[in-house]
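Examination of the molecular architecture
Okay, here's what each chain looks like letter by letter:
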Amino acid sequence: MERYVLKDNQRLRCGYTTGSCAAAAAQRAVAMVLGAAFSPGDKIVLSTPKGVRLELDALEAESGDGWASCAVKKDAGDDPDATNGILVYARVTKVGHEEEAPQDGVTVLRKGCPGITLDGGTGVGRVTKRGLSCPVGEAAINPVPRQMILEQVGEVCEEFDYKGGLHVEISVPGGEEIARRTFNPQLGVLGGISILGTSGIVEPMSDQALIDTIKVKMDVRKAEGAEYLVITPGNYGETFLKSHIPFPDTDSVKCSNFIGEALDYAEYSKFRGVLLVGHIGKFVKVAAGIMNTHSRYGDARMEIIGAHAALAGASKEVVGELLDCVTTEDAVSVLDQAGIKEQTLQSVLSKLDYHIKERVHHSMEIGAVIFSNQHGYLGETADAPLLREKLLEGACKAQSV
């Protein structure tokens, strides 16, 4: 892949995700099972969710009576990635019409392609604990890759005017061994890797380059006359922001895991106020004064939630259940079932408010909004409503200029 980013004065090559590999392999396998010819050296053309056009090599293509298989090789570019170089396979099987489609996997009804099921095979992990983005029992094919695969399959079906059903199986030979070098076993994803990716593209990581980028974005906002900022860690926060808070895209700055560095620079740049918007999985760490939220610096999410739950009156059994949770999504469900969600989250928000104000030395107005992908809006700190008003005022002024 000939796409590069400049980080730490180095020109680093981007790659593409296992999700892109799976979607491309499925696209070619469906076309083959529906009668398309295949020649060695053929390219698979795929557009990623980020809008990047990929031309990927179709490898090890095979077909038989009612089935076809194809592989795509994962290329992580210059990013250190345990899955770099693996082959991601898609095997597609005709299963007749909609009423004959198998019940396992995930069935999606689409115009022109009534029955598509998707599942994971060898080397693709299976979810065994609650709280992840895939339900317990399903293959660990995350939502964006899942959608990419189903869209590619559906488009080929429409092209061939195919009305029957198809079963798609994604597999990764050697995936189980690779997964042992990842967090999957601790997360309850067993038997293989996860098929991942929110943008379809892998960009090489560099902490200092990311921090510098954050600062540049803040400088741009300052130069544009902005006095108040919305800061969000990443894609989840940005999506929530667009859905729930009507600010223009240009008013938000993504800070990745670098909450502390972003707040430091906002204070240095003399912004009048900052509204943080983020997933509870990130901000529960900030509520304990952890200002770099990357897991490699430690993870005490469940311990933090457990402590606040105890303050809210949780029993020893409920605290134990919280400590056994894999994700904060799961923990929020436990709190909800115990009837102490609101009290616990208010306690978390109070400490979050304390730590972010201490970080900026009470030099500006600052607040935070937290949410969950499954449970939606979870709450906000005391000054967040006022900051929303200030930000909306600023957005209206900018639009009227």
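This write-up is about the structure you can find in this document. (Residues numbered from 1 in each chain as written. Predicted model: local features only at pLDDT ≥ 70, side-chain atom pairs only at ≥ 80, totals over all residues. Heavy atoms only, no water.)

Before going further, it helps to spend a moment on the overall build of the protein. What the protein contains, in helices and strands, is 13 helices and 21 strands. Burial statistics for the protein: of 401 residues in total, 52% are counted as buried. Summing over all exposed atoms, the protein offers an accessible surface of approximately 18,300 Å²; the carbon and sulfur share of this is 50%. (Helix = DSSP H or I, 4+ residues; strand = E, 2+ residues; numbered from the N terminus. Buried < 20%, exposed > 50% of the residue type's maximum accessible area, 1.4 Å probe, protein only. Areas by Shrake-Rupley, 256 points an atom, 1.4 Å probe, with all protein chains shown as cover.)

As a further point, take the sheet that holds strand β19 (residues 273-279). Spatial strand order, β18-β17-β19-β20-β21: 5 strands in an open sheet with mixed pairing. This sheet does not close on itself; its edge strands, each paired only once, are β18 (252-254) and β21 (376-380). Going from strand to strand, the sheet's axes swing by 25° on average, the running direction of each strand aside. Contacts from helix α12 (residues 341-359) reach β19, β20 (365-372) and β21, with the element oriented near 145° to β20. (Pairing = 2+ DSSP bridges. Axes fitted to C-alpha atoms, helices over the stretch in contact; angles between N-to-C directions. Contact = heavy atoms within 4.5 Å.)

Let us look at the side chain of Asn257. Structurally, Asn257 is set in the loop between β18 and α7 (259-268). At 2.3 Å, the side chain of Asn257 forms a polar contact with the side chain of Lys282. Excluding its chain neighbours within four sequence positions, the residues that come into contact with Asn257 are Lys282, Met291, Asn292, Thr293 and His294. (Polar contact = N/O pair within 3.5 Å; in protein donor to acceptor, adjacent residues only side chain to side chain.)

Moving on: the packing of aromatic side chains. Applying the stated rule across the entire model yields 2 aromatic pairs. For the pair Phe240 and Phe371, a centre-to-centre distance of 4.3 Å together with 5° between the ring planes defines the contact as stacked. Separated by 131 residues along the polypeptide, Phe240 in helix α6 (residues 235-244) and Phe371 in strand β20 bring together distant segments of the chain. The same class applies to Phe240 and to Phe371, which are both buried. The ring of Phe271 has Lys222 lying over it, and the distance from NZ or CZ to the ring centre is 4.8 Å. (Phe/Tyr/Trp six-rings, centres within 6.5 Å; stacked < 30°, edge-to-face > 60°. Lys NZ or Arg CZ within 6 Å of the ring centre and 35° of its normal.)

Turning our attention to the packing of helix α9 (residues 301-311) against helix α11 (residues 328-338). Two numbers describe how α9 lies on α11: the axes approach to 10 Å, and their chain directions differ by 15°. Between α9 and α11, the angle is such that the two are roughly parallel. Judged by the twist between their axes, the crossing of α9 over α11 is right-handed. Where α9 approaches α11, its residues Arg301, Met302, Ile305 and Ala309 are matched on the opposing element by Thr328, Ala331 and Leu335. In terms of residue class, the contact of α9 with α11 is built from 5 nonpolar, 1 polar and 1 charged. (Parallel < 35°, antiparallel > 145°, perpendicular 65-115°, else oblique. Left-handed = near helix turned anticlockwise from the far one by under 90°. Nonpolar A, V, L, I, M, F, W, Y, C, P; charged D, E, K, R; others polar.)

In this section: the pattern of salt bridges. The tally for this structure, following the rule as stated, stands at 16 salt bridges. For Arg53, the salt bridge is made with Glu55, and the minimal N-O distance between the two is 2.5 Å. A salt bridge links Lys390 to Glu365; the shortest N-O distance between them is 3.4 Å. Taken together, the residues span a long stretch of sequence, with Lys390 in helix α13 (residues 384-400) and Glu365 in strand β20 at a distance of 25 residues. Given the relative accessible area of 23%, Lys390 is considered partly exposed. Its relative accessible area of 22% is what places Glu365 among the partly exposed residues. (Salt bridge = Lys/Arg side-chain N within 4 Å of Asp/Glu carboxyl O.)

Moving on, we get to helix α2 (residues 143-159). In this model α2 runs 24 Å from its N-terminal to its C-terminal C-alpha over 17 residues, within 8% of the 24 Å that 1.5 Å per residue would give. Listed as buried for α2 are Pro145, Arg146, Met148, Ile149, Leu150, Gln152, Val153, Gly154, Val156 and Cys157. Asp161 lies just past α2 and shows a positive phi near 55°. (Expected span 1.5 Å × (residues − 1).)

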